Amino acid sequence: MKFAYRDRDTFLHCADARAKLAALVAVSLALTWASALATVAVGGAAYAAARSADVRGREILHDVRLVLLILVVGTAARALSDPDGVAAGTAAGAVASGRFVVIIALAYVVSATTRTGDVRLAVEFFLAPVPRVNEKDWGTMFAAAARFFPLVFEESKRVQEARKARLGDKQGWYTRIRSTAFTLLTRSFRRADTLALAMESRGYDSDRSSLRSLEWRRGDTALVAVSVVIAAFAVAF
Amino acid sequence: MIRVESLVYGYEDERALDGVTAEFKEGGFVLLLGGNGSGKTTFLRHLNGLLLPDEGNVYVDGVPTDEDDEHARRRVGMTFQDAASQVVAETVEDDIAFGPENLGLERDEIQRRVDEAAEAVGATELLDRSPYELSGGELRRVTLAGVLAMRPDVLALDEPLAGLDYDGERSVVERIVEENEKGTTVVVATHDATPFVEYATRAVVLDDGRVVEDGTPDELFSGGVEEYGVRTPWAYR
Ligand SMILES: Nc1ncnc2c1ncn2[C@@H]1O[C@H](COP(=O)(O)OP(=O)(O)O)[C@@H](O)[C@H]1O
Ligand SMILES: [Mg+2]
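What you see is a predicted model, and the numbers here were worked out from it, not measured in a lab.

Can you walk me through the overall build of chain B in this structure?
A tally of helices and strands in chain B yields seven helices and ten strands. In terms of overall size, chain B behaves like a compact globule, its C-alpha atoms giving a radius of gyration of 17 Å where 237 residues would be expected to give roughly 18 Å. With the C-alpha coordinates of chain B rotated into their principal frame, the extents come out at 50 × 40 × 30 Å. Taken over 237 residues, chain B has a buried fraction of 59%. For chain B, restricting intrachain contacts to residue pairs at least 6 apart in sequence, the fraction spanning at least 24 positions comes to 63%. With the model as given, the accessible surface of chain B reaches about 10000 Å², and the carbon-plus-sulfur share is 41%. Each charge class in chain B was averaged separately, 22 positive and 51 negative side chains, and the resulting centres sit 2 Å apart.

Here it is as structure tokens:
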């Protein structure tokens, strides 16, 4: 499933959620300043990470194809309106899009390898020292978002299949997108509603205990160290 | 023990429950019968405190649900008509752990409850699986385990056999009967009493948000219930 956890036994699956989130944040921030070359290099590293976690590059591209389309359109618009000329505009747009794609790919890998329950524990851990912030509520919110995201993807697949089954794919693209988007929106809201109801029916309480616990191992320190090196490299070049 | 007194509940302007009075004694096996739209789901949601009465009262162990809905959620375990929408986690184990986590139990105790509940429904082999990859019968049993792990006094099951084949039906009915024999009160909402009728101690028929029949299965089915959209079980024809 899209952007959803899948049970495997790879290094990244076993890694501590705190290490993965820290790595994701460090590399994503660094990418904001990265040059074209550095972006490509970090993209390569992201691909290697995905493969090591049993996630195929093709899957990521397929699942984020809508985002890719938007980025291409955005780059084209930018190229045509850039005061420095089309070439410069295209280059700038491509680099910005590239960074974004790499960040999304990394987030994809993190969500494929991390249980939402662990996301909750990690967020709680990071926010616990921050005064006047209820870390339990924030942990819950992040976990719920991580949980909800794949549900929207699943709904979107269902809407498309339901339309196809009645030859909806023979309609023009504008009608298709407009009606699919509307159905998807209402269904996603309803899905969020039932998810909340399901949690409530089993006595949901943000002040709850947890079956799982986070365990920091040497590999996690290594993961963070490597990410910091990559981040530093991305900023420096 | 649950007591429902003159319960009225409406969605927007339509009355779904119109003055329902009923009592559920400890250890009973009660069928809640009625056609589509008769108010079964709305009624069950009141037992679990998911919905609160517009008028009238629902008492769980003498505590009104509108004063303490948490008590109702702990004591009354509810499963949904649509089993898939009850799933809140990405593995069966995490999903069954959800209720005990909300109870704030220690890690060892959560693990014990998960193992025990999985065993009770024959889902021990499924613990590492994704709930979305299960067969209909397996998913039903897993959702049942999700509430059993909270050790409720009452099970409120909404159409627990919907969409199951014969084998799936039998495996689910067996588990429900086992729990009832251990002393758990069971309330099953269904439009077809046949699979349960030999175990039921009582049946309540809803029609248009009102109780129209309330008695032992023998009393009920020797009369006629088809006018209320309920099929007479074979044994009574
Ligand atoms: N979420 C809702 N919003 C508006 N009306 C609802 C909703 N759920 C149920 N109803 C209405 O309430 C009545 C009882 O529904 P329900 O309790 O689902 O019956 P049953 O479970 O017996 O099929 C029906 O008329 C139905 O249309
Ligand atoms: Mg119903």
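Even after reading the chapter, I still don't get the confidence of the model for chain A, so can you show me in this structure?
Detailed reading of the predicted coordinates is not advisable wherever pLDDT falls low. With 100% of its residues at a pLDDT of at least 70, chain A reaches an overall mean of 89. Ranking the elements of chain A by mean pLDDT puts helix α8 (residues 135-165) of chain A last, at 83, and helix α1 (residues 11-14) of chain A first, at 96.

In this structure, what is going on with the coordination of the magnesium ion (ligand 2)? I would like to understand it.
Ideal values for angles at a metal depend on the geometry: 109.5 degrees with four tetrahedral donors, 90 or 180 degrees with six octahedral donors. All names here are of chain B. Protein ligation of the magnesium ion (ligand 2) involves Thr41 (OG1) and Gln81 (OE1), the donor distances falling in the range 2.0 to 2.5 Å. Remark: Gln81 occurs in the loop between β6 (76-79) and α3 (92-102) and Thr41 occurs in helix α1 (residues 40-47); sequence separation between them is 40 residues. Residue Thr41 is classed as partly exposed on the basis of its relative accessible area, which comes to 23%. The exposure class assigned to Gln81 is partly exposed, which follows from its relative accessible area of 39%.

Which parts of the structure should I look at to understand the site of ligand 1?
All names here are of chain B. For ligand 1, the full set of nearby residues is Tyr11, Glu14, Ala16, Gly35, Asn36, Gly37, Ser38, Gly39, Lys40, Thr41 and Thr42. A distance of 2.9 Å separates an oxygen atom of ligand 1 from a polar atom in the side chain of Lys40. Bound to the protein, ligand 1 loses 62% of the 550 Å² it would expose on its own. For the shell around ligand 1, the secondary structure elements donating two or more residues are β2 (14-24) and α1.

Conventions used here
- Residues numbered from 1 in each chain as written.
- Chains lettered and ligands numbered in written order.
- Predicted model: local features only at pLDDT ≥ 70, side-chain atom pairs only at ≥ 80, totals over all residues.
- Heavy atoms only, no water.
- Helix = DSSP H or I, 4+ residues; strand = E, 2+ residues; numbered from the N terminus.
- Rg over C-alpha atoms; globule rule 2.2 N^0.38 Å.
- Buried < 20%, exposed > 50% of the residue type's maximum accessible area, 1.4 Å probe, protein only.
- Contact = heavy atoms within 4.5 Å.
- Areas by Shrake-Rupley, 256 points an atom, 1.4 Å probe, with all protein chains shown as cover.
- Lys, Arg positive; Asp, Glu negative; His and termini not counted.
- Charge placed at Lys NZ, Arg CZ, Asp CG, Glu CD.
- pLDDT = per-residue confidence, 0-100.
- Donors = N, O, S within 2.8 Å, 3.2 Å for Na, K, Ca; no water.
- Near = heavy atom within 4 Å.
- Polar contact = N/O pair within 3.5 Å; in protein donor to acceptor, adjacent residues only side chain to side chain.

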